[in-house]
Amino acid sequence: MRSATNSVHFMPAPGESASGFLIHLSRSFSAELAPLLSALLSDPQAVASAVYSPMLAGPISDLVGASVRELLPIFAAPHSKANYLRIGEFVLRYGQINQSTRRVAPETFADDIGAGRRPYHRLSWSIAALRIDPDTSHRLIDTCDRCGRRLRWMNTFDVSQCGDCTRRLWLCKGDSAAPDAYDVFVGELFNSTINVRKAARNQLPRRIRAWIEGDILDLIEVIGAVICLANQGVELPPNRSEGIEIVLAGDSAIRRCLRRPLDQAMCSKDRLAPALASSKVFARLRRAPSRLVSEYLMSLVI
């Protein structure tokens, strides 16, 4: 066990991800850490998948001096609901976490440096629905603006740099477009401040305010797909920005959205159009990843 003085150096930062913390540890010259880190980092996918491995908290605790309790928040922990994970206060499906690339917020790194702390990777940046940092609203990127290559975990030696060209990512010029309605709502839903999260939920219809975050995201996704069915006849890509506006407008707006493809088909000269439109909408509702979402939407359209 390390002494308290040295342990502080290896304490994870607030909201840090396990993958980012392992990279931070790997930059240490400590002989004690070398065997564990060598084993963990030998597999190119190991760093990316570390967020799914809370069992690593014990071995890391033995080496760096932080308690298991202090280390567990850097991981996504299995939830009692099958195929769901808990990330801090949030519950999401496995598929709603994305570690296939290394997403970062350059301006948030710049804030870290400006505040005199090391730039670190936030666990929330692994939530696929987020396109901005939920606390700062800074844009997330997964591509280096200098070499044009995707940011990957397998060649990362410093989370604040590009693993291919060593570009200092806090200098990257990201998308300057203002966050849309979807980005704003999802950012507030995952904000670290509880009052901000409560305010976001209070905008939702009463029946769904207590839903877990994963189900709320799935609801927006399904509504966005139905909007595309009405506008283009295909489901993809889902119109999430308009989807969240309809969800926030309440049950009546959601019901009208679900009926829109059918109403449009009723005006068609093709006698089979209404039946086809209806089958497409119902098929999409039945395919919702969450049974709760499917049953809620079915109750509105039937």
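Here the structure is shown first, and the text comes after it.
These numbers come from a predicted model, not from an experiment.

Undergrad: Explanation requested: the sheet that holds strand 2 (residues 84–87) in the structure shown.
TA: Sheets are built from strands that pair by backbone hydrogen bonding, the pairs being arranged parallel or antiparallel. Taken together, the 3 strands give an open sheet; going across it, the order is 1-2-3, and neighbouring strands pair in antiparallel fashion. This sheet does not close on itself; its edge strands, each paired only once, are strand 1 (77–78) and strand 3 (90–93). Of the strand pairs in this sheet, strand 1 and strand 2 are connected by 2 bridges, and their pairing is antiparallel. Among the inter-strand pairings, Pro-78 is bridged to a residue of strand 2, identified as Leu-85.

Undergrad: Looking at this model, I keep getting lost on the pairing of strand 2. Mind explaining?
TA: Taken residue by residue, a regular strand's side chains alternate between the two faces of the sheet. Connecting strand 1 to the antiparallel partner strand 2 that follows it, the hairpin turn spans 5 residues, and Asn-83 within it adopts a positive phi of roughly 70 degrees. As judged from the 4 bridges shared by strand 2 and strand 3, these two strands associate in the antiparallel manner. Paired with Ile-87 across the bridge in strand 3 is Phe-90. Hairpin connection from strand 2 to strand 3: 2 residues lie between these consecutive antiparallel strands, with Gly-88 at a positive phi of about 60 degrees.

Undergrad: Is there a simple way to think about unusual backbone geometry in this case?
TA: Working note: non-glycine residues mostly have negative phi, and peptide bonds are mostly trans. Despite not being glycine, Ser-137 has its phi angle at roughly 65 degrees, a positive value. On the secondary structure map, Ser-137 appears in the loop between helix 7 (106–114) and helix 8 (181–189). Non-glycine residue Thr-166 carries a positive phi angle of around 65 degrees. You can see Thr-166 is positioned in the loop between helix 7 and helix 8. You can call Thr-166 partly exposed: its relative accessible area is 42%.

Undergrad: Help me out: how do you make sense of the pattern of salt bridges in this one?
TA: Once their charged atoms are close, side chains differing in charge can pair, the charge on each being opposite to the other. All told, the structure shown has 16 salt bridges when counted by the stated rule. Close ionic contact of Arg-131 with Asp-180 constitutes a salt bridge, the shortest N to O distance being 3.2 Å. Here Arg-131, found in the loop between helix 7 and helix 8, pairs with Asp-180, found in the loop between helix 7 and helix 8; they are 49 residues apart in sequence, far enough to count as distant. Exposure remark for Asp-180: the relative accessible area of 26% places this residue in the partly exposed category. Among the ionic pairs, Arg-259 bridges to Asp-263, the shortest N-O distance being 3.7 Å. Here Asp-263 and Arg-259 lie together in helix 12 (residues 251–266), a separation of 4 residues that amounts to about one turn. Assessed through its relative accessible area of 38%, Asp-263 is described here as partly exposed. Where salt bridges share partners, they join Arg-131, Arg-139, Asp-180 and Asp-183 into one cluster.

Thresholds, definitions, all that
- Sequence order sets the numbering: in each chain, residues are counted from 1 along the sequence as written.
- In view of the model being predicted, local features appear only for residues whose pLDDT reaches at least 70, and side-chain atom pairs are presented and counted only at 80 or more, with totals across whole chains, interfaces and linings using the full set of residues.
- Side-chain figures throughout are based on the complete set of non-hydrogen atoms in the structure, without hydrogens or water.
- We call two strands paired when DSSP finds no fewer than two bridges between them.
- Labels follow the DSSP assignment, with helices taken as runs of H or I lasting at least four residues and strands as runs of E lasting at least two, numbered in each case from the N terminus.
- Per-residue accessibility, obtained with a 1.4 Å probe over protein chains only, is compared with the maximum for each type, and a residue is labelled buried under 20%, exposed over 50%, and partly exposed between these values.
- We define a salt bridge as a side-chain nitrogen of Lys or Arg found within 4 Å of a carboxyl oxygen belonging to Asp or Glu.

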